[in-house]
Amino acid sequence: MIDLFDYIGSALVLFGAFLSIIGALGVLRFPDVYTRIHAASITDTGGATLILLGLALIAGWSMETLKLLVAWLFLLLTTPVAAHALGNAAFSAGHAPWIGTFRIMKGEKPR
Amino acid sequence: MSFDPNLALNFVLLAMLITVAGFVAATRSLLAAIILMSVYSLVSAIWLVVMDAADVAFTEAVVGAGVSTILLLGAILLTRGEVQKPQLLKLIFPAIAAIITGGLLIYAALSLPDFGDPISPANSYVGHAYLQSTPTEIGAPNVVTAVLASYRGFDTLGETVVILAAGIGVAILLGFGERAATAAPQPLDPTGDHNVVLRVAARLLIPMIALFAFYVQFHGDLGPGGGFQAGVILAVAVILHALVFGLRETMRSLKPGFVRAIAALGVLVYAGVGIVCLTNGGTFLDYDFLFDHDTEAAIPSGLLGDAEAVHHWGQHFGIFFIELGVLLTVAATMITLFYGFAGRASDAQRREA
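Basis of the calculations
- Residues numbered from 1 in each chain as written.
- Chains lettered and ligands numbered in written order.
- Predicted model: local features only at pLDDT ≥ 70, side-chain atom pairs only at ≥ 80, totals over all residues.
- Heavy atoms only, no water.
- Helix = DSSP H or I, 4+ residues; strand = E, 2+ residues; numbered from the N terminus.
- Buried < 20%, exposed > 50% of the residue type's maximum accessible area, 1.4 Å probe, protein only.
- Contact = heavy atoms within 4.5 Å.
- Patch = residues over 30% accessible without salt bridge, like charges linked within 9 Å, V, L, I, M, F, W, Y side chains within 5 Å.
- Areas by Shrake-Rupley, 256 points an atom, 1.4 Å probe, with all protein chains shown as cover.
- Salt bridge = Lys/Arg side-chain N within 4 Å of Asp/Glu carboxyl O.
- Lys, Arg positive; Asp, Glu negative; His and termini not counted.

### A word on the overall build of chain A
Piece 1. A count of helices and strands for chain A gives 3 helices and 2 strands.
Piece 2. When burial is assessed residue by residue, chain A has 26% of its 111 residues classed as buried.
Piece 3. Taking the intrachain contacts of chain A between residues at least 6 apart in sequence as the baseline, contacts between residues at least 24 apart amount to 60%.

### A look at unusual backbone geometry
Residue and element names in this part refer to chain B.
Piece 1. The phi dihedral of aspartate 52 falls on the positive side, at around 70 degrees, and the residue is not glycine.
Piece 2. Since its relative accessible area comes to 72%, aspartate 52 is described here as exposed.
Piece 3. Unlike most non-glycine residues, leucine 285 shows phi in positive territory, near 65 degrees.
Piece 4. Here leucine 285 lies in the loop between helix H13 (256-279) and helix H14 (293-298).

### Thoughts on a nonpolar patch on the surface
Piece 1. A contiguous nonpolar patch, built from Met63, Leu66, Leu69, Val70, Leu73 and Leu76 of chain A and spanning about 550 Å² of accessible area, is present on the exposed surface.
Piece 2. Looking at where valine 70 of chain A falls in the secondary structure, it is placed in helix H3 (residues 63-92).

### Things to note about the side chain of glutamate 323 of chain B
Residues and elements named next belong to chain B.
Piece 1. Tracing the chain through its elements places glutamate 323 in helix H15 (residues 313-352).
Piece 2. Despite its burial, glutamate 323 pairs with no opposite charge, the nearest such side chain being arginine 152 at 14 Å.
Piece 3. What glutamate 323 contacts, discounting residues up to four positions off in sequence, is Thr145, Ala149, Gln217, Gly226 and Gly227.

The structure is reproduced here in structure tokens:
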């Protein structure tokens, strides 16, 4: 049974790492700041969740599980807020998002 | 030759460090350089964890990647964000100096003992003695804390004084930024309030960060952590408050003068422990003389839970008090530095407006 948890945990950690790599690719390849934030933040939260969950499975029921849970709560609280703050700051600074093939300037209505 | 994952991890991390360092040197934007320096610190913190130096990694993460990034960001608000393209001719002498220094360092590194070599000087003489005598003489499970706070307590006092002196130096150059406390409040944004999410999240986070700082503080003789790291984390909680709610609000609830007094008080607490040891007949910072016999006998033996274990109460409380002094000085100095930079920046903005 312990072995099974180890295997599931390792698989989750690997999948989380894979998601993080996808996120990094998205940050490199996406066209504007908002889509990049989107790629970074979703995979950061999701990838970190999977990695921490996998580590908790490997660690078993102990003090480490609690610490991993606290770390996960902290990430769950901070990464989306950081993404929001980045997007908010980018919009306030007048960065125009790509929508379809158009750029929407601040104050304009989407076409 | 078999595959060693630890070795591979070392190579990957060092390659990342070199790459990031190269980009820091190449970039013309100061903002990018600061963010890259933060990445550099984070990677080296990870590398230090791989090398089993958890205490150093912790310090690198909170100081290098955390608070120094914020202070440098405050500093570039006072300057231009770009560096001019340097003339190639002027780069010759710095380049020669860098190459010679780097070559000497690499040459010196060649004669260093192997990592974890049991007969290296660091592991065979003092290091060995510390490891052997810490459980019987100090009783702190984390030998790093025992060495820093007790065996080398005088060195750590010096470091604490250096931090206070650095804070005073920056304050002499930049001032305390106190005018930000009496400035008119920021005008409301006519397009609406954009920072509701940030404020709600910060209200949740600031108590958690402060609580974590105290966990690091009081957990210091059991695991990685201690006064330096806890002080920086506590300062980060205050800085987060200033970033989200505005410097004016923070300065109104945590007065700059009060913070300055706390910075000096920390050094006073630390040195005071040494003086108490002196008056009880020991040497400076010899915690075995912190309490006289009657006081030490009056401390209940089950105070830390285990009544059977042999405790050196002088060492326990001595380390507790000096770590408290370090916490106060580090936290207050970091906040004073932040007040100095941020207050100066808002001064400059007002002058432009």
